[in-house]
Amino acid sequence: MAQRKRQLVSNELSEAALQLLALKGFDAVTIDEIAATAGVSKRTFFRYFASKEDVVVQFLADMGTGMRAALASRPIEEQPSASLQHTVWVAMAACADHSDRALRVVQLILRTPALRARFLERQDQWRDDLAAELAQRLGLDPDTDLYPQLAAGMALTAFDAVLQRWSGSDGAEDPAELTDRAFATIAPALDSVE
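So, a few notes on the structure that sits alongside this text.

Here is what the cut-offs are and how they apply
Residues numbered from 1 in each chain as written. Predicted model: local features only at pLDDT ≥ 70, side-chain atom pairs only at ≥ 80, totals over all residues. Heavy atoms only, no water. Core = buried A, V, L, I, M, F, W, Y, C linked by side-chain atoms within 4.5 Å. Buried < 20%, exposed > 50% of the residue type's maximum accessible area, 1.4 Å probe, protein only. Helix = DSSP H or I, 4+ residues; strand = E, 2+ residues; numbered from the N terminus. Phe/Tyr/Trp six-rings, centres within 6.5 Å; stacked < 30°, edge-to-face > 60°. Lys NZ or Arg CZ within 6 Å of the ring centre and 35° of its normal. Bend = angle between axes of the 7 residues up to and from the residue. Polar contact = N/O pair within 3.5 Å; in protein donor to acceptor, adjacent residues only side chain to side chain. Salt bridge = Lys/Arg side-chain N within 4 Å of Asp/Glu carboxyl O. Contact = heavy atoms within 4.5 Å.

Here we look at the nonpolar core
Item 1. If you look at the biggest cluster of nonpolar residues, it comprises 55 residues, and the most contacted ones within it are I34, V56, F159 and W166.
Item 2. The set of elements that each furnish at least two residues to this core consists of α1 (2–24), α2 (31–38), α4 (52–72), α5 (80–97), α6 (99–111), α7 (113–138), α8 (147–168) and α9 (175–190).
Item 3. Among the elements that make up this core, the one with the highest residue count is α8 (ten residues).

Structure representation (structure tokens):
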């Protein structure tokens, strides 16, 4: 019950932040305004989020966990490119499922330097997680083999490129088709693992 209440408050804060930020822009919105709009105190805000950036990036933060789980669930004999493409598609499908809200958030993140920086920090963690999963799947040593970090980095670069094209088209371009095109380009390198 406590976990559910916590999730509800977190969602309220995220929604309040997104509405205000879409209306006024990132720099014009204060934490006090977000808290007041969500109907909580500033102190409560800081129990859930460390900063204004975090409340926005939280929307995409769970993707990293989802990506590693998606990669871990793939058949072990599958080509790395197919496994990683599926992994990226799971994250893009999460955006497509909440397309209006996700599009607003992605555009806000990509157009706001402070948010973009925080998002890239998150992606660094995702890369490490994906690299660890790849190393385990392929029986490689993550400390000495370059492949896991390089492959995870390429997959996340593809993810980033797809996000940018999708948000730049105001959601008009199909994220599945963009993901397919991105992975068609990088698949030969991903599948050249020794």
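Let's pick the thread back up.
Comments concerning the packing of aromatic side chains
Item 1. Per the counting criterion, the structure on display carries four aromatic pairs.
Item 2. Measuring from ring centre to ring centre gives 5.8 Å for F119 and W126, while their planes differ by 85°; the resulting arrangement is edge-to-face.
Item 3. F119 sits in the buried class, given a relative accessible area of 1%.
Item 4. Relative accessible area serves as the criterion here: at 4%, W126 is assigned to the buried category.
Item 5. Through a chain of ring-to-ring contacts, three or more aromatic side chains come together here, namely F45, F46 and F49.
Item 6. Positioned above the aromatic ring of F26, the side-chain terminus of K52 is 4.3 Å from the ring centre.

With respect to α9
Item 1. At A184, α9 is deflected by roughly 40°, the largest bend along its length, and proline P188 occurs up to four residues later in sequence.
Item 2. Within α9, burial applies to P175, L178, T179, A182, F183, I186, A187 and L190.
Item 3. Between a side-chain oxygen at the N-terminus of α9 and the backbone nitrogen of A176 the separation is 3.2 Å; the capping residue is D174.

Thoughts on the pattern of salt bridges
Item 1. Under the defined criterion, the tally for this structure stands at eleven salt bridges.
Item 2. The closest approach of N and O atoms between R127 and D124, which form a salt bridge, is 3.1 Å. Taken together, the residues span about one helical turn, with R127 and D124 both in helix α7 at a distance of three residues.
Item 3. Look at D124 and you get partly exposed, because its relative accessible area is 37%.
Item 4. Across the pair E173 and R165 runs a salt bridge, and its minimum N-O distance is 3.1 Å.
Item 5. In this structure E173 comes out as partly exposed when scored by relative accessible area, which is 22%.
Item 6. Overall, R165 belongs to the partly exposed group, its relative accessible area being 41%.
Item 7. Linked by salt bridges that have partners in common, D54, R118 and E121 make up one network.

A word on the environment of P75
Item 1. In this structure, P75 sits in the loop between α4 and α5.
Item 2. For P75, a relative accessible area of 34% puts it in the partly exposed group.
Item 3. Along the chain, P75 and G168 lie 93 residues apart, while their C-alpha atoms are 34 Å from each other.
Item 4. Among all residues touching P75, those that are not within four sequence positions of it are S83 and R137.

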